[in-house]
Each structure stands twice: as C-alpha cells, then as structure tokens.
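Residue-level structural notes
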Amino acid sequence: MVCTWTIKIFISSDIFNSHSPLVVLLQMKLWNKYKVTSIPSLVFVDAATGKIVCRNGLLVVRDDPKGLEFPWGPKPFAEVVAGPLLRNNRQTTDPSSLEGHYVGVYFSAHWCPPCRSLTRVLVESYRTIKESGQKFEIVFVSADRSEDSFKQYFSEMPWLAVPYSDEARRSRLNRLFGIQGIPTLILLDAEGHVITRQGRVEVLNDPECRLFPWHPRPVLELSESNAVQLHEGPCLVLFVDAEEEGELDPAKELIQPIAEKLMAKYKAKEEEMPLLFFVAGEDDMSDSLRDYTNLPEAAPLLTILDMSARAKYVRDVEEITPAVVEQFVNDFLAEKLKPEPI
C-alpha cells in the first residue's frame, strides 16, 4: 500500500511583513504559482506529483472538518453537480440533460454590480448560441445572501440553477473550480473538461459569439475587457506601433508560434500556462499600462509583467525576432532574468 501525503500551502498576510528579499521573492512565486488573489488562502498539493489537489482549502476545512473525504482530490463535474437543477418556472430537471452539451458554470450574485452587468450580456449570448443550434446550457451557482435575492436574480435568467437551499452542492462546485471571486464563468466541453476559466472576458469580447466555445487563444490583443488577466500571473506583452485595426496582426504572427509551443507543452503536462501572451498597440489602455508600470515609450518593446509580484522584465532591442522572443521566454521560465520593480 502506498500512501501519498497532501501538502498544505497556507498563504497569509505575513508575506508582507518579511524583510528578506529572498523570502519575499519565494512567497510571491507561490502566490503566482497557485494564482492566489485573496487571503487567507489554503491550497492542497499532491506531494508525489506537485499537482494541485484543491485550491479552495478553506472551504474543504469548513465543509469536511473531520477529513472524511481526504485527500479531497478533484471529482468529475457530473458527479459534483448531481442532483435536481431548477428552471426559473420552478420546474426541475436532471443533470443528465446536460450530457452532450457545452456547459457554462456561472458563479454570480445579485448584490454584485459587475455580476448583474455580465448577466445582461450573458442572457443575449446564451440566446444567440442556442439559436445557432449549438448544444449549450448554463448552470447558475448562486452566491446570494438570501433565498429571496436568489429568486429575484434567477427570474432574469433563462438557464438552470443549483437550488439555493443546496448549500453543500454550491460549495462543492466552488471548491471544484477554485472560485476566488465573482462573477466567474467556467466553460466546459461535452465531457466536462474545462475549456476556459475566462468565460466572462470571452462573452464581453465576443458579443456575437463567433468564437464560441472560446477555446484559449495563444495570443490576445490587449483590451479593457481582458486587461484583468494581467493580474492572474506573469504576462508577456509586446508593445508595437499600431493604431488601426489589423496592424497588430504581424506582431501576433511573430509571437504566436512560441505561445502555441508553450501551450502544447503545458497542456501535455496537464498544467496551467505559466505565461500569457498579449500584443498591445497605441491606445488609452496601452498608455495606462505603460504609465502604471513605468515602461519606456519605445516601440516595439518586449516585456514580461508580473503584477502580483510588482515586477517587470524588459527586453529593449532594435529588432524583435522570434529567436529574441523565445530566448526571453526561456530565460524568464529558467529564472535567469533580473526583475525591475513596478
């Protein structure tokens, strides 16, 4: 019999109280690696493989104080969502109705203004996708503070919901997807595997749903709606002299093969991408980012920005080639680059 221990990684505000640069650097790496956005945070990791067992350890401790479900490994979505689902006409349906469908798992609440704004857009997207003949359904997982608020909010939604009274199931779904904030829209394929955790960004960026089901793209054009992803971990941003539509295409084509190669590598390892890739032209969003990170006005300018660590890496060269970008990425991943403070 082999016993695999689960390592607990507890992140607290003590990170900011250390006076050792090396300790702070190590702690910030842990924040980035486990995508911690709030504290306290408790992450469970399989010591044998280094893979994350559960991101929402605090919910695990609350829901299973006796450790009866240890080691709290991830379960299939179909198993976690099992149980009656509501329609807003008060009828119920079985989760088997989701089989063969793309599924959006929507974590939201009426008290949250960004949630209400997203819901209005998502209703239109939902109808557009359904009218196109795609097999698609959404399951609302409420974070409302009362059943009355839940009922009021759900009355605006044409999709399904986990009953508000089933707090245990709502909590298990939060644990399954490591939800740390709302609104969050997770897109699943017909087998229940995650396509993207950035459903919110995709819905806002693609109101006509032309790119549905929104498989991750290797390179993104920086915009106001996807800029929130800059805070989710290190991001390579290539700034170029481009103002008109289509002028960013050469920059995307330059770095796309490198991004695709990295994406394939980490997908094969069943690990998350350690680096997101963006191209940025000359607009208000790019100007704000340059000002905030104190970057030079040069273009083209190759950077890696790590917002949570408040660090930046800059490669200011006359000509940016695929070889320059690939070496820059490899040096960053090998921790050979010296960070500058943001």
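Our subject in this report is the structure included herewith.

Conventions we followed
- Residues numbered from 1 in each chain as written.
- Predicted model: local features only at pLDDT ≥ 70, side-chain atom pairs only at ≥ 80, totals over all residues.
- Heavy atoms only, no water.
- Phe/Tyr/Trp six-rings, centres within 6.5 Å; stacked < 30°, edge-to-face > 60°.
- Helix = DSSP H or I, 4+ residues; strand = E, 2+ residues; numbered from the N terminus.
- Buried < 20%, exposed > 50% of the residue type's maximum accessible area, 1.4 Å probe, protein only.
- Lys NZ or Arg CZ within 6 Å of the ring centre and 35° of its normal.
- Expected span 1.5 Å × (residues − 1).
- Contact = heavy atoms within 4.5 Å.
- Arc of directions from axis to C-beta.
- Pairing = 2+ DSSP bridges.
- Axes fitted to C-alpha atoms, helices over the stretch in contact; angles between N-to-C directions.

1. Points about the packing of aromatic side chains
For the structure on display, the rule yields 17 aromatic pairs. Plain terms: the ring middles of Tyr-126 and Phe-136 are 6.0 Å apart, the flat faces sit at 50° to each other, and that makes the pair tilted. Residue Tyr-126 is found in helix H4 (residues 113-131), and its partner Phe-136 is found in strand S7 (residues 136-142); the two are separated by ten residues along the sequence. Residue Tyr-126 is classed as buried on the basis of its relative accessible area of 6%. Relative accessible area serves as the criterion here: at 2%, Phe-136 is assigned to the buried category. Centre to centre, the rings of Phe-140 and Phe-154 are 6.3 Å apart; their planes meet at 25°, and the pair counts as stacked. Here Phe-154 lies in helix H5 (residues 147-154) and Phe-140 lies in strand S7, a separation of 14 residues in the sequence. Phe-154 shares its class with Phe-140; the two are buried. What links up through ring pairs into an aromatic cluster is the set Tyr-102, Tyr-106, Tyr-126, Phe-136, Phe-140, Phe-150, Tyr-153, Phe-154, Trp-159, Tyr-164, Phe-212 and Trp-214. Over the aromatic face of Tyr-164 sits the side chain of Arg-170, whose NZ or CZ is 4.3 Å from the ring centroid.

2. Let's talk about H4
Look at H4: 28 Å from first C-alpha to last across 19 residues, which is about the 27 Å you get at 1.5 Å a residue. Three or more residues of H4 are buried, namely Cys-115, Leu-118, Thr-119, Leu-122, Val-123, Ser-125, Tyr-126 and Ile-129. Where the residues of H4 are buried, they touch strand S6 (102-108), S7, H5, strand S9 (184-188) and helix H7 (199-205).

3. Description of unusual backbone geometry
For residues that are not glycine, phi is negative in most cases, and the peptide bond is trans in most cases. With omega at 0°, the peptide bond leading from Ile-182 into Pro-183 counts as cis. Position of Pro-183 relative to the elements: it lies in the loop between helix H6 (167-177) and S9. Residue Pro-213 follows Phe-212 across a cis peptide bond; omega there is 15°. Locating Pro-213 in the fold gives a position in the loop between H7 and strand S11 (220-221). The phi angle at Arg-310 is positive, at roughly 50°, despite the residue not being glycine.

4. As for the side chain of Thr-119
By secondary structure assignment, the location of Thr-119 is in helix H4. Using a relative accessible area of 2% as the deciding quantity, one classes Thr-119 as buried. With sequence-adjacent residues up to four places away left out, Thr-119 is seen in contact with Tyr-106, Ser-108, Tyr-153, Met-157 and Trp-159.

5. Side note on H5
Inspection of H5 places Phe-150, Tyr-153 and Phe-154 among the buried residues, and these make up the whole buried set. Within H5, the buried residues cover an arc of 90° as seen down the axis, which keeps them to one side. Buried residues in H5 make contact with strand S4 (85-86), S6, H4, S7 and strand S8 (160-161).

6. Quick look at the sheet that holds strand S14 (residues 301-306)
Sheet architecture is open: six strands sit in the order S11-S13-S12-S14-S15-S16, paired in mixed fashion. What marks the edges here is a single partner per strand, and that holds for S11 and strand S16 (340-341). Where strand S15 (residues 311-315) and S16 come together, two bridges link them in antiparallel fashion. Considered in S16, the bridge of Ala-311 is made with Pro-341. Most of the contacts of helix H8 (residues 249-268) go to strand S13 (residues 276-280), to which it runs at about 175°, and overall it touches S11, strand S12 (235-239) and S13.

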